[in-house]
Protein chains: 2
Amino acid sequence: MQNIYDNNKFYNSYLKLRENNAGLNEVLEIPAFRSLLPDLDNKTILDLGCGYGENCKWYINKGAKKVIGIDISKNMIEKAKKEYSDDKIEYKNVPMEELDFSKNIFDIVLSSLSFHYVKDFNSLIEKINKMLKPNGSLVFSQEHPIATAKKKKNGWFINNQGEKSHWIMDNYHYEGKREQEWFIDGVIKYHRTIATILNTLIKHGFNILKVLEPIALETAEKNNAQLKEERRRPPFIIIKVKSTKCIN
Amino acid sequence: MQNIYDNNKFYNSYLKLRENNAGLNEVLEIPAFRSLLPDLDNKTILDLGCGYGENCKWYINKGAKKVIGIDISKNMIEKAKKEYSDDKIEYKNVPMEELDFSKNIFDIVLSSLSFHYVKDFNSLIEKINKMLKPNGSLVFSQEHPIATAKKKKNGWFINNQGEKSHWIMDNYHYEGKREQEWFIDGVIKYHRTIATILNTLIKHGFNILKVLEPIALETAEKNNAQLKEERRRPPFIIIKVKSTKCIN
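Residues numbered from 1 in each chain as written. Chains lettered and ligands numbered in written order. Predicted model: local features only at pLDDT ≥ 70, side-chain atom pairs only at ≥ 80, totals over all residues. Heavy atoms only, no water.

In the nomenclature of an unreviewed UniProt entry, chain A is known as Methyltransferase domain-containing protein of Iocasia fonsfrigidae.

Printed below as a string of structure tokens:
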């Protein structure tokens, strides 16, 4: 498990990106992700890869009874405790791969842009299904398989005029580790196909309720013409599922 | 609605491709498609875009009680009647957009590589759900959205050495008509995103059971090294769903 957010250069660059709203989170991922959330009122929620806790606090403001936010990064958890603390939020510095909660305790499991860091998706989904109550919901976003497929130099093909000619797509069926440059060299993500993602959820008894490949908010596109380019390839996928398990 | 299979140049080129097993159907799409089929024994089946009837006959051989095969192309239906006729098969020369069967009459609706020719996917799925019996199944394959996304000159990026450098991906979120060259100019297909395809099925009460992005059979890859290149991008998507409607 790579703990990239505790690399100081990476961490500082990431914070700067988020603080300047220069990334795609604020205009693209967050609005779409939140549009898929079930009613949070009085719910017990687990947030996997909670980062600095912005979402956890938002869930409490929407009426959640209790939120447990976990993250592999000590940096992130420290910042969360400082900036987004609440009596109803418990932050834990633990990788999601090592989670060990009891059966049937969460109404909702949420995860924003973290699952592409996880090597063993099958075990993760199995574990989430165990921790969820019957009829519990899981909503997660991750980098789109179209965005993670290519090995090395993932991204736009730039032509001789310096324009984004098209998105480079390759190695789709070769699942597994991808090393990318993002602020620093060697950021590790895991590529999985759409079929693998969906079939793993189905196999563990989840019913697929909605799939989003979000585009930016119209207002954001008006302020930033560059954003419209994201329509040329999907950067994220967001999936909402419901557990069909019986009480056991 | 374009009736490309009644263009003689296209029709003859297509037949030649299929007769020589030179396309991806035999080694990639057909095995994967058939692996998803529910038990056909004693079932009443509708085959949308049945082409020259090879699949219809196969369904009968697998025990189906009755198969109705429909296709927009007169050429195809004539060939089907000649080469794959059976007392239990009824071939009809009608576009699937104009279908008008009664409610609740089919156990299974199947469609191999035709839905990308249909403009209005929403109406099609609505109609299929109407014609299916409660708990009825739909299995369909179509060109993968990664394969249809690009407008014009869809395909591989060929580098200066004449190699397939990568797959060109573009215009993913711009759904709609695509004109391609395939045997002849101006073959019309419709691009839809993965989210649109899945959410349309879910909206009409279908439960997603399995999604395949097939790769070629191992034996086929051994005989044809070129086939392994298809692993670099998914040419097809195959989806199996079940109707959750109640009797109405």
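From this point, the discussion proceeds with the structure in view.
Draft legend 1. Here's a closer look at the sheet that holds strand S6 (residues 156–158) of chain A. Within the open sheet, the four strands sit side by side as S6(A)-S7(A)-S7(B)-S6(B). Their pairing is antiparallel. Of all the strands in the sheet, just S6 of chain A together with strand S6 (156–158) of chain B have a single pairing partner and so form its edges. Averaged over neighbouring strand pairs, the angle between their axes works out to 50 degrees when direction is ignored. In the sheet, S6 of chain A pairs with strand S7 (residues 164–169) of chain A via three bridges, with the strands oriented antiparallel. Considered in S7 of chain A, the bridge of Phe 157 of chain A is made with His 166 of chain A. (Pairing = 2+ DSSP bridges. Helix = DSSP H or I, 4+ residues; strand = E, 2+ residues; numbered from the N terminus. Axes fitted to C-alpha atoms, helices over the stretch in contact; angles between N-to-C directions.)

Draft legend 2. Inspection of the sheet that holds strand S10 (residues 206–212) of chain A at higher detail. Residues and elements named next belong to chain A. On the basis of which strands lie adjacent, the open sheet formed by seven strands has the order S3-S2-S1-S4-S5-S11-S10 and mixed pairing. Whereas interior strands pair on both sides, the edge strands pair on one side only; in this sheet they are strand S3 (89–93) and S10. Mean inter-strand twist for the sheet, computed between neighbouring axes without regard to direction, equals 15 degrees. Direction of pairing for strand S1 (residues 44–48) relative to strand S2 (residues 66–71): parallel, over a ladder of five bridges. Each bridged residue has a counterpart across the sheet, and for Thr 44 the counterpart in S2 is Lys 66. Set on the sheet, helix H3 (residues 54–61) makes contact with S1, S2, S3 and strand S4 (106–112); between it and S2 the angle comes to about 170 degrees. (Contact = heavy atoms within 4.5 Å.)

Draft legend 3. Looking closely at the pattern of salt bridges. According to the stated counting rule, one finds 28 salt bridges over all chains in the structure shown. In this structure, Asp 86 of chain A engages Lys 57 of chain A in a salt bridge whose closest nitrogen and oxygen atoms are separated by 3.2 Å. With Asp 86 of chain A in the loop between helix H4 (74–83) and S3 and Lys 57 of chain A in helix H3, this pair connects stretches of sequence that are 29 residues apart. Using a relative accessible area of 24% as the deciding quantity, one classes Asp 86 of chain A as partly exposed. Given the relative accessible area of 23%, Lys 57 of chain A is considered partly exposed. Here the residues in one salt-bridge network are Lys 164, Glu 229 and Arg 232 of chain A together with Asp 170 of chain B, joined through shared partners. (Salt bridge = Lys/Arg side-chain N within 4 Å of Asp/Glu carboxyl O. Buried < 20%, exposed > 50% of the residue type's maximum accessible area, 1.4 Å probe, protein only.)

Draft legend 4. Here's a closer look at the pairing of strand S4 (residues 106–112) of chain B. Residues and elements named next belong to chain B. Counted residue by residue, S4 has seven buried out of seven residues, so it is predominantly covered. Pairing between S4 and strand S5 (residues 132–143): six bridges, direction parallel. By the bridge assignment for S5, Ile 108 is matched with Ser 137. Crossover handedness for the path S4 to helix H5 (residues 121–131) to S5: right-handed. (Right-handed = clockwise from strand over helix to strand, strands pointing away.)

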